[in-house]
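Tertiary structure, described
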Amino acid sequence: MSEILTTFFNLDIARQVFPFLLEGLLTTFKLSLLIIPLGLAGGLLLALLHTQSHYRAVRILVNCYVDFFRSFPQLVLLIFVSFATPFLGLDLPPILSLAISFTLSTSAYYCEIFRAGIGSIPPAQTEAARSTGMSAAQTLAHVVLPQAVRNVTPDLLGNSLEIVKGTSIASVLGMSELLHNAQSAQSVLFSPTPLMLAALIYLLLLWPAVRLVSNLEAAMRLRSRH
Amino acid sequence: MDATPSLIHTFFNPDILAKTAPIVLASAGQTVLLGFLIIVCGIGLGILLASLRYYTRRRTVTALIVGYVDVLRALPPLVLLIVVYFALPYVNVSIDATLATFLCLSAILSAFIEECVWSGIAALAQGQMEAARSTGMTWSAAMRHVVLPQALKIALPQITNRCIATIKNTALGSVIGFNEVLGSAQAASSDFANPTPLTLSALVYIAMILPFVLFSRYLEHRTGSH
Amino acid sequence: MQKRIILEAVGIRKDYGALQVLKGVDFRVREGELVSIIGPSGSGKSSMLRCCNLLERPTAGQIVFDGIDITREGVNINHVRQNIGMVFQQFNLYPHLTVLGNVTLALRCVKKLSRAEASEIGMAALAQVDMAGKRDAYPNQLSGGQKQRVGIARAVALHPQIILFDEPTSALDPELVSSVLGVMRKLREAGMTMLVVTHEMGFAKEVSDRVIFMDGGVVAANDTPERIFAAQDNERMQSFLSRFLNEK
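In this text the structure is predicted, and so the values were computed from the model without any measurement.

**Looking at the overall build of chain C**
For chain C, the helix and strand inventory stands at nine helices and ten strands. Against the 2.2 N^0.38 benchmark of 18 Å for 248 residues, chain C shows a C-alpha radius of gyration of 18 Å, consistent with a compact globule. Seen through its C-alpha atoms, chain C measures out along the principal axes to roughly 55 × 45 × 45 Å. Put simply, chain C has 248 residues, and 55% of those count as buried. The long-range fraction of contacts in chain C, counting pairs at least 24 apart against all pairs at least 6 apart in sequence, stands at 66%.

**Details of helix 5 (residues 94-119) of chain A**
When the terminal C-alpha atoms of helix 5 of chain A are compared, their 37 Å separation across 26 residues agrees well with the 38 Å that a helix rising 1.5 Å per residue should span. Its axis deflected by about 25 degrees at Thr103(A), helix 5 of chain A carries its strongest bend there.

**Observations concerning the pattern of salt bridges**
This model, assessed by the stated rule, comprises 22 salt bridges over all chains. With a closest N to O distance of 3.9 Å, Arg15(A) and Asp12(A) form a salt bridge. With Arg15(A) and Asp12(A) both in helix 2 (residues 11-52) and three residues apart, the pair spans about one turn of that helix. As far as the burial class goes, Arg15(A) and Asp12(A) line up, both exposed. With a closest N to O distance of 3.0 Å, Arg210(C) and Glu33(C) form a salt bridge. Residue Arg210(C) is found in strand 9 (residues 210-215), and its partner Glu33(C) is found in the loop between strand 2 (19-30) and strand 3 (34-38); the two are separated by 177 residues along the sequence. For the residue pair Arg210(C) and Glu33(C), the accessibility class agrees, reading buried in each case. One connected set of salt bridges, linked through shared partners, spans Asp67(A), Glu112(A), Arg115(A), Arg217(B) and Glu220(B).

**Quick word on the confidence of the model for chain C**
The pLDDT averaged across chain C works out to 91; a share of 96% of its residues lies at or above 70. On the interface metric, ipTM, the complex scores 0.87, and its pTM is 0.85.

**A look at the interface of chain B and chain A**
With 52 residues of chain B in contact, the opposing surface of chain A contributes 49 residues. Where chain B meets chain A, there are four salt bridges. The closest approach of N and O atoms between Arg115(A) and Glu220(B), which form a salt bridge, is 3.0 Å. Those elements that provide at least two residues to the side of chain B that touches chain A are helix 1 (3-11), helix 3 (59-74), helix 4 (77-87), helix 5 (97-123), helix 7 (139-169), helix 8 (181-192) and helix 9 (196-224) of chain B. If you tally residues by element for the side of chain B that touches chain A, the top one is helix 9 of chain B, at 13 residues.

**Section: the UniProt feature "domain: ABC transmembrane type-1" (unreviewed entry) in chain B**
Summarizing the sequence annotation, UniProt attributes the feature "domain: ABC transmembrane type-1" (unreviewed entry) to residues 28-216 of chain B in the numbering used throughout. In the segment residues 28-216 of chain B, helix accounts for 81% and strand for 0%; the C-alpha atoms at its two ends are 23 Å apart.

**Side note on a nonpolar patch on the surface**
Residue and element names in this part refer to chain A. Nonpolar side chains collect at one region of the surface, where Leu34, Leu38, Ile95, Leu96 and Ile100 lie side by side and expose about 370 Å² of accessible area between them. Breaking the nonpolar patch down by element, the ones donating at least two residues are helix 2 and helix 5. Checked against the element boundaries, Leu34 lands in helix 2. Owing to a relative accessible area of 32%, Leu34 belongs among the partly exposed residues under this scheme.

**Quick word on the sheet that holds strand 2 of chain C**
Residue and element names in this part refer to chain C. The strand order across the open sheet formed by four strands is 2-1-4-5, and the pairing between neighbours is antiparallel. Each edge of the open sheet is held by one strand with a lone partner, namely strand 2 and strand 5 (68-69). Note: strand 1 (residues 5-16) against strand 2, nine bridges, orientation antiparallel. Among the inter-strand pairings, Leu7 is bridged to a residue of strand 2, identified as Val29. Of the strands in this sheet, strand 1, strand 2 and strand 4 (60-65) touch helix 1 (residues 45-52), which is tilted by about 60 degrees from strand 2.

**Some remarks on the interface of chain C and chain B**
Across the contact, 20 residues belong to chain C and 16 residues belong to chain B. Counting the surface lost from both chain C and chain B, the interface buries some 1,500 Å², and carbon and sulfur atoms represent 59% of this. When the buried surface of chain C facing chain B is broken down by residue, Asn78(C), Tyr94(C) and His96(C) rank first, second and third, together holding 32% of it. Applying the counting criterion to the chain C and chain B interface returns one salt bridge. Across the pair Glu130(B) and Arg50(C) runs a salt bridge, and its minimum N-O distance is 2.5 Å.

**As for the packing of helix 2 of chain A against helix 5 of chain A**
Residue and element names in this part refer to chain A. With their axes 6 Å apart at the nearest point, helix 2 and helix 5 run at an angle of 45 degrees to one another. Classified by the angle their axes make, helix 2 and helix 5 are oblique. As helix 2 packs across helix 5, the resulting crossing turns out to be right-handed. Tallied by class, the residues present in the contact of helix 2 with helix 5 amount to 18 nonpolar, eight polar and one charged.

**Structural notes on the sheet that holds strand 3 of chain C**
Residues and elements named next belong to chain C. Spatial strand order, 6-7-8-3-9-10: six strands in an open sheet with mixed pairing. Edge positions in the sheet fall to strand 6 (84-87) and strand 10 (218-223), since each of these pairs with one other strand and no more. Each neighbouring strand pair of the sheet contributes to a mean axis angle of 20 degrees, computed without reference to strand direction. Two elements, strand 7 (residues 162-166) and strand 8 (residues 194-197), share four bridges in a ladder whose sense is parallel. Paired with Phe165 across the strands is Val196, a residue of strand 8.

About the cut-offs
Residues numbered from 1 in each chain as written. Chains lettered and ligands numbered in written order. Predicted model: local features only at pLDDT ≥ 70, side-chain atom pairs only at ≥ 80, totals over all residues. Heavy atoms only, no water. Helix = DSSP H or I, 4+ residues; strand = E, 2+ residues; numbered from the N terminus. Rg over C-alpha atoms; globule rule 2.2 N^0.38 Å. Buried < 20%, exposed > 50% of the residue type's maximum accessible area, 1.4 Å probe, protein only. Contact = heavy atoms within 4.5 Å. Expected span 1.5 Å × (residues − 1). Bend = angle between axes of the 7 residues up to and from the residue. Salt bridge = Lys/Arg side-chain N within 4 Å of Asp/Glu carboxyl O. pLDDT = per-residue confidence, 0-100. UniProt positions renumbered as here; feature names shortened; annotations may be inferred. Patch = residues over 30% accessible without salt bridge, like charges linked within 9 Å, V, L, I, M, F, W, Y side chains within 5 Å. Areas by Shrake-Rupley, 256 points an atom, 1.4 Å probe, with all protein chains shown as cover. Pairing = 2+ DSSP bridges. Axes fitted to C-alpha atoms, helices over the stretch in contact; angles between N-to-C directions. Buried area = accessible area lost by both parts, 1.4 Å probe. Parallel < 35°, antiparallel > 145°, perpendicular 65-115°, else oblique. Left-handed = near helix turned anticlockwise from the far one by under 90°. Nonpolar A, V, L, I, M, F, W, Y, C, P; charged D, E, K, R; others polar.

This is the structure in structure tokens:
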């Protein structure tokens, strides 16, 4: 037992690599903070296009975009963007490839969530707001969207959680985020401890988020039943 | 100069397509088979765990199931995959990339399925189980004929979404050397110094996943029209 | 000569933690009898009824059904429950099955009848509650009264020796109550043994052979409806009854 512990969780090695892993964690945070707002903005824009447009063609286009990128594995998209663009003579820095590919796919997911949220608000709300002389944009901003966002908060959080988890695939491009640093440390020190430590860090950080999402979902279910 | 022919020549080169398609498509067959096995096992185990959680009165069993689910929902799939594949050999357990992909993705899927089937069961009135038991049905017969059919129907959209995510995650297997579509395409792409195999792999993934995406649209449409 | 006893409760007690809901309840139901259980809410009526088919396990005491103590270890309760039907306040129909599917599910997976046999018995049960015409409808297409009649047919189809009714009309709109009570009257005339928890004092008075008045987890009175409704001896029962009878 203690042998397994010294292999998988060697305290000396853990202490040694901890600062290096924290550096990686910082990059993970930065990536998340870059990608999540981009995805939210793109998703909201698409959802507004879909729900507010009078043209059927626009709705169909948005649906096609969403279905296409929901079918595209994140890693395949990332590899495609970063390994195929050089053949066009474009040399994108990894961070840009990452931002482009994540924004393309996460905005598809956020779009679906926002759309469901907007769809959950009864038309009578819009009518009431318009009857008081508010413009369509004001109605959206002050009446529809606040309620819509509240209704889909668990899904928005859940999707953002998936994105934070998804940043681990940036390691494939050699970006020094948490997983990548753990892997380099593992191969240099020939010890699985850095990997276990990285997993532990992910777990400690994301477990509360998972619980929060579950509890919010349960609370939503309860509310919708009454 | 017209850019279109050169684009097609680069990204969808017929000669290279003819040479690499057999390799990529062969691995597509493997990926489909593995994806199918993962989905069957993941859903089966998830339903089993949700039923056990409903059946048991022991707090320790419930806590174990919830812990299992939370950990697997919190860990990024790639992190789990790398920990299993690179850490186990240190204790002389060697595990092959296909098996590692199968085990990790099945476990992750089972956790998500447990969660959504459990919320489906929790959304049902307790009276359904009692009514079935009052007619002399055993617990497991009541579960099979009355509780689970309804819970699965409630959870079907989420189950579909998790299946989509699972098939997409098979691409992560390429990172540890499981020879799935993306992995073989990357190898072929560097052999021929051309991105055509990557384009092909993207198309293969889209062809595998799009039916699930369209099915989830259909489900959404069906519940929306009620 | 008295008819044989179908169901007997002997010293039934039920605790939920520190809360004592039933504090020693005894009664008997004989073959062909309709016995009503009335009493203020919180008096333990529903808990008592649910103890009769062990949906709730009594903390102490015995339920003797058809001469067998079913609270003993080792009794196959699923077998016993085929002979004790139950009708619920909230109907508890299976929303994913048709009306006929609701009635025949237990016939097919408990009694292992073929689809044809089960349908025949199910249709006969539906005819008894005037719901044969709705065999292919789903529960959400039915009114509350219709749902409850299907709930009754689900119990009747198993040909039980007794049916337990747990406030079968409490969840119904007033105008739908009479159709359900009508079906219950018909069942009684056909000789079905019934134990009914109810707030319908008119029904309890007219149709019951005996009325059990429960209060505070014990049987406060157990007598013919004539005597119960003319009772002088129990102050709480009088105030309870006058409240209900004045409402009518």
